[in-house]
Each structure stands twice: as structure tokens, then as C-alpha cells.
Amino acid sequence: MGYIISFVTKSVRRRLPKYVSIIIAIGLGVTLFVSVDIAVNSLTEGIITSSSQSLGEFDISISNNTGKISNNVLNYIRENFNDKIVAATGRITLSTTIFANRTGQLEKDIDVIVFNTTDKDGEQKLGYLKNIDGRKINTTEIRDKKYVLIPEPLAEKLEVKKGDIIETNIPREYKNGTTLFVHVVFTVYDIISFEGKATESQGLTVWLSRSTYNAIADPDGVYWNYFDTIWISLSSNHNINPVDNNYAKKLAQEIKNSLINYLNDDSDDPSITVMAIRAEIEESIREGLNSFKIFLNMMATLIIIAGILLISNIQMISVEDREIQIGILRSLGAKKGEIIRIFILESVFLGLFGSVLGFFGGLVLGKYLALYINNIFQIGGTPIIVINKGTIITSIVSGILIAVATGIYPALKARSINIVEVLRGVKSYKEEKLSKKGFYFGWVSILFSIFLYLKLSRVSDGFILTKEGWRTIDAQFYSLLFLSALMLGLGLILSQFTSRNFALNLISLGYISVSVWWFRNGIQLLNESGNADKIFYVALLMLISGTVVVVGVNLEILGAFLRKTLALFEKTRAIGVISTRSMTSKKLRAVLTFSIFAIILSINVFAATWGVSVEKGSVDLWAFYSGRVDIIVDLDVPVNPAIYNYSQMIYRLDPHVTDVACTRHATGYAKTTSETLGTPFIPVDLYAWNSSIMKNQKGEYRFDIITNPVLKKQTTEQAIDTLPENEQLNISRNIWDLFFSGQNFTVDGEISNGTDALPPVILTGRRTITDENNTIILMTKYGAMKFRVLASVFNYGPSAFSFFPIIFIPERYVTFFEGFDYINYPNYYFIMTEYPLNDPAVRTLAQKIEKESNSADSDLRKLGYLVGALATPVWDYYQEFVKIYVGFLDFLQLFLSTGLLIGIIGLMVISLRNVAERKREIGMQRAIGFNRKQVVLSAIFEIFTLGFIGLIIGIINGLIMANSFTKLSKIDFYIPWARIWLYFAVTFFSAFFAGLIPGIKVARIPPSEALRYTG
Amino acid sequence: MSENLVIIKNLHKIYDPEGANVHALRGINLTVKKGEMLAIMGPSGCGKTTLLNLLGGIDKPTKGTIIIDGVDITRLNDDDVTNFRRDRIGYIFQLFNLLDFLPVVENVALPLLLQGYTINSAYEEAKVVLRQMGLGDRVYHYPNQLSGGQAQRVAIARAIITNPAIILGDEPTGDLDTKTSMDIMNLFRRINIQNKQTLIIVTHSRAIAEQCDRIVHIENGVVSKEEIIRGD
Ligand SMILES: Nc1ncnc2c1ncn2[C@@H]1O[C@H](COP(=O)(O)OP(=O)(O)OP(=O)(O)O)[C@@H](O)[C@H]1O
Ligand SMILES: [Mg+2]
């Protein structure tokens, strides 16, 4: 063992540059994993902190179907769970627009918290409100007066001070059950400091006493004993005494059971909802970010594959380097096992160094990534950097794994060194057939493909490799895997009977054809929505490995072509011969080198191309799916058209307005009908539609919001968005016809008048809460009610950014829901103009509309209306979407670009190595008559070629993939020339310097010296 | 006809690896006539390879001049001496003569490519020379597929292909058996007669040296003895 150590230490000293490169490569790999870990952990903690902060000190919420929960329930909780909870209180929360009189500022979607100022067992136990001077606010002083308290964040936004006037609308409930907004003026009694329970909803709240609210909203005292939600707190300070999530969830369940009992609710679908809201939010954030983490790690893995190629490359070189030493060691009696141990031991050392480097690299990059992601997704705040034990373990384990994984092949290679040949200095260049191992591996591959075939026949119902067999995600996934394994197996077996090159060409061309076919056609056959990442990943790997191998196998042909091309010029003739021959003489090394670039650039070019295409190429698509609506106006208070004709005002603002349609929307609650009967209702946005909104007097559709049918009868063979536009229109209009037909539907989607028939709804596509039966439960005034989903809408502007799902209901059902009283007073307008979607005039019009509605001197205000209008150009929804999407793609490119660093190091190492081991040959070239410049140029050109092969493969692959995506999404294809030039420049300069520096170094050595070099 | 092609005057070479002065050449004076075939002999380490390197311009002397065809090559800069070497000198090394990543034909054609021949004409020329050397069937082989004698003949082919004024051979028959060595010497003689080229050959073998016109003995970095084998 002693001599092993000394061998290792001696090698380390001699091979420092190579080791440094390996350590950097491992370090970069580890950096990626560690930074993903840190970034995602930090983000998770950051988001959890801010979202749990906006819950104040609450842990559990209790609500019911009707939105009115009785004081008795609150008392019941206080009596029965006194020892388990810190406080319980009942509140009403309204979402409205606040207008600041003095400054003219307006803020939409502000929560008005209606609270009981004298509630000693509830509110006061949750902590006091303090004002910005640090004094405790005596909240009882705002009782019965038109006073409100405003936390600092909102006060800053509105620019209001103590004593200022604010205005808002508060819904007043009448005895007959209808609701109407009333315009109220309040005085700001004090500004609350942003701490404790004032942090609820990020401090964008207005605190109003219950007694004042009762007088305004419910003068008849009908609902004085009711709240919309009962809030329970399990800790009066979650920062100091956090609450265990499982405990909170268990307690919520316990409370629910006890309440069901108390309320004698023995229905299947209890109307009461008890939710451990803090725990649920935290868990869903963790879950959501975890999938993000998995995605990033997948990308990191790709880069690490590139890193592994680099390290293997360097390791292979060290084996070649030490062939003679190993030969001597072996002849002196070292056993094969000992040779392996030398290499593995070395790998572990390198891995440890790499881990340490990667850990610190990860700290830096992780922090940066966290900031960047924060920025893209507009999370806000500075992320708190979280480093835990897991991070450290990640770094060490990944470092050593990468090192050992890359050390094994060279170790085996070193083990099987032929002592006699090595010591005689025999080098063999001849091409052999793939070894017996390849043959066996071929059979293993065939066996595996049989296994995949069986799996495939199950997931594709026997439709193997037929059109039907490419419909589902799983069928596509296994089809691709099956084809990969089959082609690999057949190719390897074939290679025993033909030349290796022929077999490899066949395999790789097969891989390329299948993957390109998939990108261009196969992907279009997919008729199942869901996460198709895994298919994409397999196709990507097939494409990259296919292109890399096919170029590698035919490197001689490429070399000959370059040689001929360079031979056209007198000056480059000899250089061409030297550099191309030198490149092809070490084929494996060359292939490993350019494949690093090929992998990284394939993804980078894909992301860049897809990014610009989404950014520039989808205006038409967006216009089509939004029914050519240009602006959507959302009013927070419905306006009586008899008093003020809002549509007329819009027509008046701009003569280019061609159509204004309007409807009503209100908040509702929905849940899925699937087996998770216990799932709580979640808030949704309900939109009332009647056919007069959609159709003109002639009965033609005024605009077409395209739907994707889910009724069996309407489902097409193909996904609807892959059809030509007019067919999509026809299908979509049929759906709207059904929706407006006044008919009900069975669960199976048949028109029916039976008692079991369900009324139709249409969902927006992005956040579907429907189950596999395409039914959904909505909360109505009469309890939970089932609806049949007819279709979903994709690319409908508002749904892209609405936090809650949007559900379209036929107008004949509005009486079932709260918030639709005075249905003829619209609060939602669709505006079409003669302008193109992205015309700046559209934005100007939107701004004018907002001004006409919101400003203090508007006609609406003069009529006593306080309207918070939000006029959004559909293009803005799109831009918003594009901003996040392209931001993410940019981030991805940046993240992947760390891989370019690996590629650059790879070029440097290979170049250094090439000239070092060819010192003698270079001396000889000099003796024959090569001057220094020619020597340097040969070195540069060889490295150049490798870099550019990678670049070209990357560009072609990236463009193929992005092109297929644009075809699929029907957006125009744009080539990101700027990015491509950037990658070109990066490759150019790194290859240039990688070749230049060692080239110059060796060219300086006098040829007589170089000739003495024996390797 | 007996003009001096090479004039070496008071040539010194001191190797100075980390201060350990190795005085390899200590004042060599030598002239070589045009068309002469000269053998250089001497014990190992006496400076034969050093002398040849200086003659070929792949190293610089510490002191002294080397005038070849009227040009003092010790005064040329690197690019000029490289061009001079490319055009006027053919070099055959002591060991490992060929670029092993190039096929035989490219090894031979390389000097022509450097001179600006097109690929086709350079290859054709190389094939002609290789055929003359009896290597017509080895054109597309790689050096490691050749025997020692064949490899040496390829090296000679490369050295003569540009029709240089001087061919320098550092033990061109070093590792070869007597029969092959003699074949190669005959080849040299043929070249010498056909093209009137000057040959300077380092050898340890008396028999080989006796094939030349003159033998120069070097000992301790100076010319110790000269023998004329055959006169003009
Ligand atoms: N680069 C160098 N650095 C230091 N010493 C050198 C160098 N090159 C040659 N020498 C020394 O110069 C002397 C002459 O070397 P040279 O190679 O010319 O000998 P040689 O006559 O060709 O010997 P051989 O017959 O063994 O080839 C030797 O002592 C050698 O050790
Ligand atoms: Mg010598």
C-alpha cells in the first residue's frame, strides 16, 4: 500500500494542471447541485416566511358554504378547545378599491378587515396594533365612527397620513337578500406600524370596526351574529413559538369532526370547512418549489454529463500518460486490483477537493440564483440564504460520485494495459470491431427492449408504434425508450459482423431520425395534456447522442473535407494536413471534447430560440385565442347602465373602437368531485355569460374565445390547438352554442332533461380543478351543486394571471350564486378595436378608460360612483406572461452557461495536452520547415475545429427542437441571431486562446530541444 | 567543381541547463564541398548531433559561423532560417523520424506543401519518390505499420523530396541490420550521384562511413582527424 500512496503523491505533483482541471470540473458540477439546493431552499423559506407572515398569527380557518358562520360556532370553539388554542375570533374580510382623496391615489384589491375591537378572548389575544410612533392603538376609539386604521405599507402606496380622507365601496345587504355597493367616506384615524397582526395580507389592509361596518352594511342587523370566517391561532408569536404543521392539521380535523357533530350536519358533503391554512400553504409551497428543484437538477445533470465527459477525457489522458509507469509497476509485480485502487483513490481525493470547491462555488451561485429567480417571478423581498446539513452532504456526495464515476473507466483501461506492448512502446491506431463486450451489451439491450415492449403494449393498449400508440405521454415515452434500446442492441450485435463504424453510423442515424421525427411529427400526435418533460428528455438525449456519435464516427470524412478546403489556400495547406490528422488520430478525445459543447449549446440554443419565438412570434396566436379582444376592463363595482353608460363612454374615447361587450363576474367557491370529497372549496372567479354578449343581432359571434372541448362527442382525434384555425373556430362555436342552448347535460356529456342532468360550465385551462368525469362542484346559495364541464379555455388572457381558476357559468344560473344581484349592471367589459393587438394606441385607450373611471373629476364620480377600473390590454397579459416565461428561459440559459465553462476548460486541457504530447512531433515539424506561426496556427485550428463541431451540432439541434415547439404552438419561428453570434464568439475566443497559449509555449522551444522530448 | 558548399568556422556550443555548463562543441572548423558525401564519426556524446542541429539551423551556436551556399545561417532570424531549412536542407533524424499521425504519403509530401505545392501535385511527387524507394505499396500506411528500414526510407524520401542542397542524416541506419543499412547507403549514393546533392551522415559504423567520400572524426567537441576515402 505504501508505494500506492507514494505513486499517487508523485503523480499529483507532476500532473498538477490536469488535476486542477478535474477539480474545477467536479467543483462546477457540485456547484450546480449545491446552488440549486441553496437557491430553492432559500426561496422556499422566503416565500413561506412572507406568505405565513401575511396570515398574521392565524393557523386554522373555519368557513362554510354560505359564507356566513354563526357566533355560536365561535363560542363553541372557545368553550371546547380552550386548552388547545391561543385565540379564536370571527371576522369579515372584504376585497375593495380604496381611493385616497387628498392624493388622488387608488389601490385595487385591498382587504378591509372587519374586526371586533372589544373582543378580549380573540382579537386582543392576538396582539395589539401599534401606531408608527410605537404607541399602542386603543382600537375601541374607532367604534361606531367612520374611522379606519391603515398599516404603513398601504399608507405609503396611497400616500395618506393620519387624518386623511379615504373612500371605498362596501356591499350593503338588504332584507330581500340582494346586495348593493354603497359609497363610504372614512377618516384615517391612525397609521399602524407594520408588525404582528398588522402584517396580514402584506399590510395592504384597512382595519374597520365591526360596529361601524354593521351600521353601514347591515343596518337591519340581519347578520350581526355572523362572520365570514372564524380564525384560530395556536401561537401568539409564530416567530418565537412556531406551530408544528402536523399538529395543526390534526387539530383542524378534530375541530371539524367536533363541529359536524355539534351542527348535526350528517350530509355526505358537510358544509363546514376547517383548514389548517398555514400548514397547507407551507406544504403546497414546498411541493411546488420541489418540482422546480427537480427540473433545475435535471438541467444540472445535463451539465454534469458534460462535466463527466471532460473529466473522463482528462482521466483517459492520465492513463495514457502513465502507461509506461503502469507497465513498469505491473512488470514489477503490482496486481491489477492495486492498479485500480490507485485510480479510485486518486478519484476520491479529487472528488473531495472538488466538493469543497463546489460547496463554496455553490454558496455564491446559489445566492445569485435565488435573487435572479426572485426577480423573474416577482416574489419580492431579499431571499434569506438557507444552508443546511443536506447542502453539505449534497456537495460531498455529488463530488465523490462524479469523481469515482469518471475514474472507473480509465481505471479499468489501466488495469487491462498490455505490459509487453506498453514497454515496447507499441501504439496501435488500427480500427477494430467492437469488442465482445459490445456484443453482450447488445443482447442486454435487446432484452431490455423486450421488457420495454411489454411495458409499452400495456400503456398503449397494444397500439405499438402506430398512430394510436403515440397518443399518450406514457406511450410516447416507452415507444422512444423501446426504439432506443432496440436500435442500440441490433446495432451492437451487427457490429460483430460488419465494421464498427458502419454499425455506429446505423445506430446514430437511427437515433437522429427517430428523435427528429418525434420533434417534428411525433410530438403533434400527443393528445394528452400533462407534464411531457420525460419524453422531451429522452428525445433530447437521443438527438444529442445521435448527432455527437455520427459526427464522431465520421470524423475522418469531416477531417478530409477540412483538409481539402484548407488546401485551397497555399498558406493553410500544411496546417490543414497537420491539424486535421492530429484531430482524427485521437478520436475518442476529440469526440468527448466537442460533445461537451454540443450538449450545452443544444439546450442553450433551444432555450434562446424558443424564447425569442415566444416573445415575437405569438401575437397572432394570442389575438386568435383571445377572440380578437384588445382590452379587458374590470370594474370593482357594477355600474347601472341607466345612470351611466360605460360602454358609450368607451366608444366616445376612441373612434377606432369597434365593439364593446359586457358581463358580470363575482367570486365563488369550487371544488373537485373526485374521491377527495373532503377537499375544501377554493375561491374561483365566476363569469356570467349570455349569448347576447357573444353574438351580435345577426346571431353571429362577435368574438371567439376558443375552447377546448372535453365532451366526448366533441373531442377530436387530435388536440384542438393542432388543428387549422377555422376548424378550431367551428368546434369552439359548437361548444358555445351548447353552452348557451339552455340545455343540461349528463355526466357522460349527453344533452338531457332528466333530474340527474347537470348545468354546463366552461373552465379556463390553466388551473383546472375538474376531475376525470369532467364535473365540478360549485358552492351555491342552496348548497353544493354539481356542474358539467363542457370545455376549457386556453390562452385566455385574464386566466393566465388570475390566482384563482376562472369559471364561465350560463347567465340563467346566476341567481344560484352570491354577488350577481342586479345582473344587468355589468362590471366586466370586452373591447375590440381596429388596432392590431400590440398597437401602442391600445394601451393609450386603456389608460384613458382608467382615467375616465378612476379620476376624482370623472363623470362617474360626479354621479356618486366610486369605481376602481382596471383596463388591461390583452397584449399586456401576454407581455406579462412572456416576461416571466422569457425571463425563465434566460435564467435557464445562464444556468446552463456554467456548462460552457466546463467546455472551455475542456478545450484548454485538450489543447495543452495535444501540444505537450506532440512536442517531439512539433520539433520535427519545425525541422521540416514549419515556422512558429504555422505551429501555433495548427494548434489553434485543431481546437477550433472541435469547438465549432460542438457549436454547429448545438445550433442545429437547438433549432430543430425549438422549431418543433413553435410548430406545435403555432407561433412564428424566430432565430435568435444575437444569441447565436454570442455563442459563436464565445466558442471562437475560447478555442482561440485554448489553442494560442500552449501553441505559443511550444513554438518557443527550440526545435532541437523539442526533438529530444520523449514523452 | 570543388566549390565549398558549407564552411564552418570556430563553432562552439555550450549547453547551459541550470548552470551545468556542457561544452558540447569547442571550436569546430570544417568545410564541405558541393556534392560531397561526408561521414561524421565519434564516440557517443562527442557532439555529432549537436553539430548537425546547428547545420540544420534548428539550434543556435554559442559562437562561430556556419556559411551554407554563401549564407551565414547563424545570423538569420527564426523565420528566415526556417525557410532556408525548408528549401535547402533535408533532415533525417537519429530516432523516430516520422509524424505518426500522418500516413506515409503525407509525411513525405509535407515539405512540398510548405513550399506551396498543391495537394495533388505534392502527393503525386511523394508517390513518385516513394516508388523510387521501393515503397510504392506503403503509400497510405501509417508509420507504426512500417518496419524500421521502411520508416527510415520514408524519412529519406521526405528529406530528398524538395531536392535540397544538403541532406543531413543523424545515424540514418542506426537501428538497422547490416543488409538494410547497406541498401540505404546505396540509396544515398544514388541520390548523391543523380542530383549532385551534398550528404552529411553521422554514423557509428566504420563500414557505413567507408561508403562515403570522406570521414571526419570528432572527439570532445573538436575535429580530431579526417580521412579521405575516395578522391574526386
Ligand atoms: N539540450 C542539452 N542540454 C544539455 N546538454 C546537452 C544537450 N544536448 C546535448 N547535450 C550534451 O552535449 C553533448 C553532445 O551531445 P550530442 O547529442 O551532440 O552527442 P552525440 O555525439 O550525438 O552522441 P550520440 O552518439 O550518443 O548520439 C553530450 O554530452 C550531451 O549530454
Ligand atoms: Mg547523436
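Here the structure is shown first, and the text comes after it.
Residues numbered from 1 in each chain as written. Chains lettered and ligands numbered in written order. Predicted model: local features only at pLDDT ≥ 70, side-chain atom pairs only at ≥ 80, totals over all residues. Heavy atoms only, no water.

### Here we look at the overall build of chain A
Consideration 1: Of the regular secondary structure elements, chain A holds 29 helices and 23 strands.
Consideration 2: Its C-alpha atoms put chain A at 105 × 65 × 55 Å along the principal axes.
Consideration 3: The 1015 residues of chain A split such that 56% are buried.
Consideration 4: If you take every contact in chain A between residues at least 6 apart in sequence, the share linking residues at least 24 apart comes to 80%.
Consideration 5: Within the structure as shown, chain A displays about 43,300 Å² of accessible surface, and the carbon and sulfur contribution to it stands at 58%. (Helix = DSSP H or I, 4+ residues; strand = E, 2+ residues; numbered from the N terminus. Buried < 20%, exposed > 50% of the residue type's maximum accessible area, 1.4 Å probe, protein only. Contact = heavy atoms within 4.5 Å. Areas by Shrake-Rupley, 256 points an atom, 1.4 Å probe, with all protein chains shown as cover.)

### Description of the overall build of chain B
Consideration 1: A count of helices and strands for chain B gives seven helices and ten strands.
Consideration 2: Projected onto its principal axes, the C-alpha coordinates of chain B cover approximately 45 × 40 × 40 Å.
Consideration 3: Residues classed as buried in chain B amount to 55% of the 232 residues present.
Consideration 4: When contacts within chain B are restricted to residue pairs at least 6 apart in sequence, long-range pairs at least 24 apart make up 68% of them.
Consideration 5: Total accessible area computed for chain B in this model is approximately 9,800 Å², and 47% of it derives from carbon and sulfur atoms.

### Some remarks on the packing of helix H16 (residues 573-585) of chain A against helix H27 (residues 932-969) of chain A
Two quantities define a packed helix pair, namely the angle between the axes and the distance from one axis to the other.
Residues and elements named next belong to chain A.
Consideration 1: As a packed pair, H16 and H27 sit with axes 9 Å apart at the nearest point and diverge in direction by 45 degrees. Taken together, the axis directions place H16 and H27 in an arrangement best described as oblique. Two packed elements cross with a definite hand, and for H16 against H27 that hand is right-handed. From H16, Ile575, Ile578, Ser579, Ser582 and Met583 reach across to H27, where they touch Gln934, Leu937, Ser938, Phe941, Glu942, Thr945 and Leu946.
Consideration 2: Residue classes in the contact of H16 with H27 are distributed as six nonpolar, five polar and one charged. (Axes fitted to C-alpha atoms, helices over the stretch in contact; angles between N-to-C directions. Parallel < 35°, antiparallel > 145°, perpendicular 65-115°, else oblique. Left-handed = near helix turned anticlockwise from the far one by under 90°. Nonpolar A, V, L, I, M, F, W, Y, C, P; charged D, E, K, R; others polar.)

### A closer look at the site of ligand 1
Consideration 1: Around ligand 1 sit 16 residues, and of these B:Ser44, B:Gly45, B:Lys48, B:Thr49 and B:Thr50 come closest.
Consideration 2: Residues close to ligand 1 are split across chains A and B.
Consideration 3: Side-chain polar atom of B:Ser44 to an oxygen atom of ligand 1: 2.5 Å apart, as the coordinates give it.
Consideration 4: At 2.6 Å, a side-chain N or O of B:Thr49 approaches an oxygen atom of ligand 1.
Consideration 5: Burial of ligand 1 by the surrounding chains reaches 76%, relative to a free accessible area of 630 Å².
Consideration 6: If one sorts the elements of the shell around ligand 1 by residue count, helix H1 (residues 48-56) of chain B sits on top with three residues. (Near = heavy atom within 4 Å. Polar contact = N/O pair within 3.5 Å; in protein donor to acceptor, adjacent residues only side chain to side chain.)

### Concerning the environment of A:Ser858
All names here are of chain A.
Consideration 1: Along the chain, the position of serine 858 falls in the loop between helix H23 (840-854) and helix H24 (859-862).
Consideration 2: The buried category is assigned to serine 858, whose relative accessible area is 3%.
Consideration 3: Along the backbone, serine 858 and glycine 407 are 451 residues apart, and their C-alpha atoms lie at a distance of 76 Å.
Consideration 4: Among all residues touching serine 858, those that are not within four sequence positions of it are Lys851, Glu852 and Ser853.
Consideration 5: Side-chain polar atoms of serine 858 contact the backbone oxygen of glutamate 852, separated by 3.5 Å.

### Re the sheet that holds strand E8 (residues 198-202) of chain B
Working definition: the strands of a sheet are paired by backbone hydrogen bonds and lie parallel or antiparallel to each other.
Residues and elements named next belong to chain B.
Consideration 1: The mixed open sheet is built from six strands, whose spatial order is E6-E7-E8-E3-E9-E10. Every interior strand has two partners, whereas the edge strands, strand E6 (89-92) and strand E10 (222-228), have only one. Direction aside, neighbouring strands of the sheet carry axes that sit 15 degrees apart on average.
Consideration 2: Of the pairings in the sheet, the one linking strand E3 (residues 37-41) to strand E9 (residues 214-219) comprises four bridges and is parallel in character. Following the sheet pairing, methionine 41 is matched in E9 by histidine 217.
Consideration 3: Lying over the sheet, H1 contacts E3, E6, strand E7 (166-170), E8 and E9, oriented at roughly 155 degrees with respect to E7. (Pairing = 2+ DSSP bridges.)

### Let's talk about the interface of chain A and chain B
Consideration 1: Taken together, the 30 residues of chain A in the interface contact 31 residues of chain B.
Consideration 2: The junction of chain A with chain B conceals about 2,800 Å² of combined surface from both sides, 62% of it contributed by carbon and sulfur atoms.
Consideration 3: Broken down residue by residue, the surface that chain A buries against chain B is led by A:Arg573, A:Arg581 and A:Ile928, which jointly contribute 22%.
Consideration 4: The interface formed by chain A and chain B includes four salt bridges.
Consideration 5: Here B:Glu106 and A:Arg563 are joined by a salt bridge, their closest N and O atoms 3.8 Å apart.
Consideration 6: Put simply, chain A and chain B have eight residue pairs in polar contact (both at pLDDT 80 or more) between them.
Consideration 7: Contributing elements (two or more residues each) for the side of chain A that touches chain B: helix H15 (555-567), H16, helix H26 (919-928), H27 and helix H29 (1007-1012) of chain A.
Consideration 8: Its residues assigned to classes, the side of chain A that touches chain B shows twelve nonpolar, eight polar and ten charged. (Buried area = accessible area lost by both parts, 1.4 Å probe. Salt bridge = Lys/Arg side-chain N within 4 Å of Asp/Glu carboxyl O.)

As far as function goes, none of this settles anything; it's purely spatial.
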